[in-house]
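Residue-level structure breakdown
Take a look at the letters that make up each chain.
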Amino acid sequence: MIQHVKTHQLLMEAAHFINNCYSELGISKEKQLKRIEEIKNEINATGTYVHKTFELEHGAKMAWRNSNRCIGRLLWNRLHVFDARHVQTADDAYKTLIKHIEYATNNGKIRPTITIFAPRKNGKDPIRVWNHQLIRYAGYKEGDQVIGDSTSIKLTNMCEKMGWRGNKTPFDILPLVVQEYGEEPKLYEIPKEMVKEVPITHPELTGFSKLDIRWYAVPIISDMRLEIGGIDYPLAPFNGWYMGTEIGARNLADEDRYHLLPKVAEIMGLDIQSNRSLWMDKALIELNIAVLHSYEKAGVTIVDHHTAAKQLKQFEENEIKSGRPVTGDWTWLIPPISPATTHIFHKPYNNEILTPNYFYQEDPQES
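Residues numbered from 1 in each chain as written. Predicted model: local features only at pLDDT ≥ 70, side-chain atom pairs only at ≥ 80, totals over all residues. Heavy atoms only, no water.

**Some remarks on the sheet that holds strand β3 (residues 127-129)**
Taken in spatial order, the three strands make up an open sheet running β3-β6-β7, and their pairing is antiparallel. At either margin of the open sheet sits one strand with a lone partner, and together these are β3 and β7 (186-188). For this sheet, the mean angle separating the axes of adjacent strands, direction not counted, is 30 degrees. Note: strand β6 (residues 176-180) against β7, three bridges, orientation antiparallel. Paired with Val-178 across the bridge in β7 is Lys-186. Each of β3, β6 and β7 touches helix α4 (residues 90-105); the most contacted strand, β6, lies at about 140 degrees to it. (Pairing = 2+ DSSP bridges. Helix = DSSP H or I, 4+ residues; strand = E, 2+ residues; numbered from the N terminus. Axes fitted to C-alpha atoms, helices over the stretch in contact; angles between N-to-C directions. Contact = heavy atoms within 4.5 Å.)

Set out below in structure tokens:
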């Protein structure tokens, strides 16, 4: 009985996806019905079904379009999709992930990219990556002090137990931890030449370079589940490019991350004893100016939050013209700097979750 309910639910979700996907691609109703009948027979025979390549590609694009927390959805149809469903081993997965990094980085001219590995089957994940992002800095906790990225402490400890040793600088690139089903996770170093990093300097504050800050070029999320038509893809790393505030107002500025505002304020000669001096606000703006300046100087794609907000507005208008509902999570869409200067701040959003989409999932389990 339970299995019957599951297969019925899967067929319903598959039919919903096929109708939407095929309609958007201009494929006839007749072919939609024929495909749904094929899927029905496949589900009845095997308990699941396999997406055609074009279904996978358009489904991944739809998932980006439906991502309520993403301000950069205007470019959803420009996502490049790599189909890696054939990859079965951790070694081959590592090679495929390196190809993703190389293609997406594109020497700084960043390309929105997703690589989709084999789907979950009978509750089992063929391949998983333990990293939150393919490229991420290590975090070391020594007493009350944290060196590097505090969000990486758990994974850094795991890597060290597996024999990895970083240099204990604030910007050590973590290795990839890849696990195939039924096996222990494996460590893979990312070749240094594959990781493009940007030294953060300021166009006017000469003392800024003494902080010796840098950040990586491409944010490639690797721990979320992609769901298309009821099928779960537990490893589907994807990237766009950075909005400046993600680095300058969060990663480098947050008190529990790199906490650089007091150091920037010191360079600026600000009074950090008084909140009324607005030293945090001044330092935050200059740190974000430095990030945008540095990425542009290095030839790495980045967008400022005002441009990103205007792009979101264009996306909203496009969706309305296409007859699709506009969904969004206001708490994530407002930029962390000057949100009231954007249209987002003044607009309510429907936070309904549509599919296909990307979802958080539990960490993989050690064998």
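Now, onward.
**A word on the layout of surface pockets**
As a volume, the largest pocket reaches approximately 1,500 Å³. In terms of lining, the largest pocket is formed by 48 residues, of which the most central are Arg-69, Cys-70, Ile-221, Glu-246 and Trp-332. Counting residues per element, the ones that place at least two in the lining of the largest pocket are β13 (238-239), β14 (242-243), α6 (244-251), α9 (305-321), α10 (330-333) and β16 (357-359). In terms of residue count, the dominant contributor to the lining of the largest pocket is α6 (four residues). (1 Å grid on protein atoms, 1.4 Å probe; cavity = no way out; pocket = protein on both sides within 12 Å on 5 of 7 lines; lining within 4 Å. Points joined across faces, edges and corners; volume = space filled by probe spheres on them.)

**Concerning the sheet that holds strand β12 (residues 231-233)**
With antiparallel pairing, three strands are arranged side by side in an open sheet as β12-β11-β16. At either margin of the open sheet sits one strand with a lone partner, and together these are β12 and β16. Going from strand to strand, the sheet's axes swing by 30 degrees on average, the running direction of each strand aside. Two elements, strand β11 (residues 225-228) and β12, share three bridges in a ladder whose sense is antiparallel. The partner of Ile-228 across the bridge, within β12, is Ile-231.

**Focus on the confidence of the model for the protein chain**
The predicted model of the protein chain has a mean per-residue pLDDT of 97, with 98% of residues at 70 or higher. Ranking the helices and strands of the protein chain by mean pLDDT puts strand β2 (residues 113-117) first, with 99, and helix α1 (residues 2-24) last, with 90. (pLDDT = per-residue confidence, 0-100.)

**Details of the pattern of salt bridges**
All told, the structure shown has 22 salt bridges when counted by the stated rule. Residues Arg-225 and Glu-227 are paired through a salt bridge, measuring 3.0 Å at the closest nitrogen-oxygen approach. The same class applies to Arg-225 and to Glu-227, which are both buried. The structure contains a network of salt bridges with shared partners spanning Arg-120, Asp-125, Arg-128, Arg-225, Glu-227 and Asp-232. (Salt bridge = Lys/Arg side-chain N within 4 Å of Asp/Glu carboxyl O. Buried < 20%, exposed > 50% of the residue type's maximum accessible area, 1.4 Å probe, protein only.)

**Observations regarding the packing of aromatic side chains**
In the structure shown here, the tally under the stated rule is 12 aromatic pairs. Between the aromatic rings of Tyr-22 and Phe-54, the centroid separation amounts to 5.5 Å while the plane-to-plane angle is 50 degrees, which identifies the pairing as tilted. Of this pair, Tyr-22 sits in helix α1 while Phe-54 sits in helix α3 (residues 53-65); the two residues are 32 residues apart in sequence, bridging distant segments of the chain. Aromatic side chains Tyr-137 and Trp-215 sit 5.1 Å apart centroid to centroid with 75 degrees between the ring planes, which places their arrangement in the edge-to-face category. With Tyr-137 in the loop between β3 and β4 (139-142) and Trp-215 in strand β9 (residues 213-216), this pair connects stretches of sequence that are 78 residues apart. Judged by relative accessible area, Trp-215 falls into the buried class, the value being 0%. Aromatic ring contacts, followed pair by pair, group Tyr-137, Phe-171, Trp-215, Tyr-216, Tyr-242 and Tyr-258 into a single cluster. Here Arg-65 stacks its cationic end above the ring of Trp-76, 4.6 Å away from the centre of that ring. Of note, Arg-111 hangs over the ring of Tyr-103, and the distance from its end group to the ring centre comes to 3.8 Å. (Phe/Tyr/Trp six-rings, centres within 6.5 Å; stacked < 30°, edge-to-face > 60°. Lys NZ or Arg CZ within 6 Å of the ring centre and 35° of its normal.)

**What to know about the pairing of β2**
Judged by how many residues are buried, β2 sits mostly within the fold: five of five residues are covered. Handedness of the strand β1 (residues 80-84)-α4-β2 crossover: right-handed. With two bridges joining them, β2 and β13 adopt antiparallel strand pairing. When the sheet's bridge partners are listed, Thr-113 is paired in β13 with Asn-239. (Right-handed = clockwise from strand over helix to strand, strands pointing away.)

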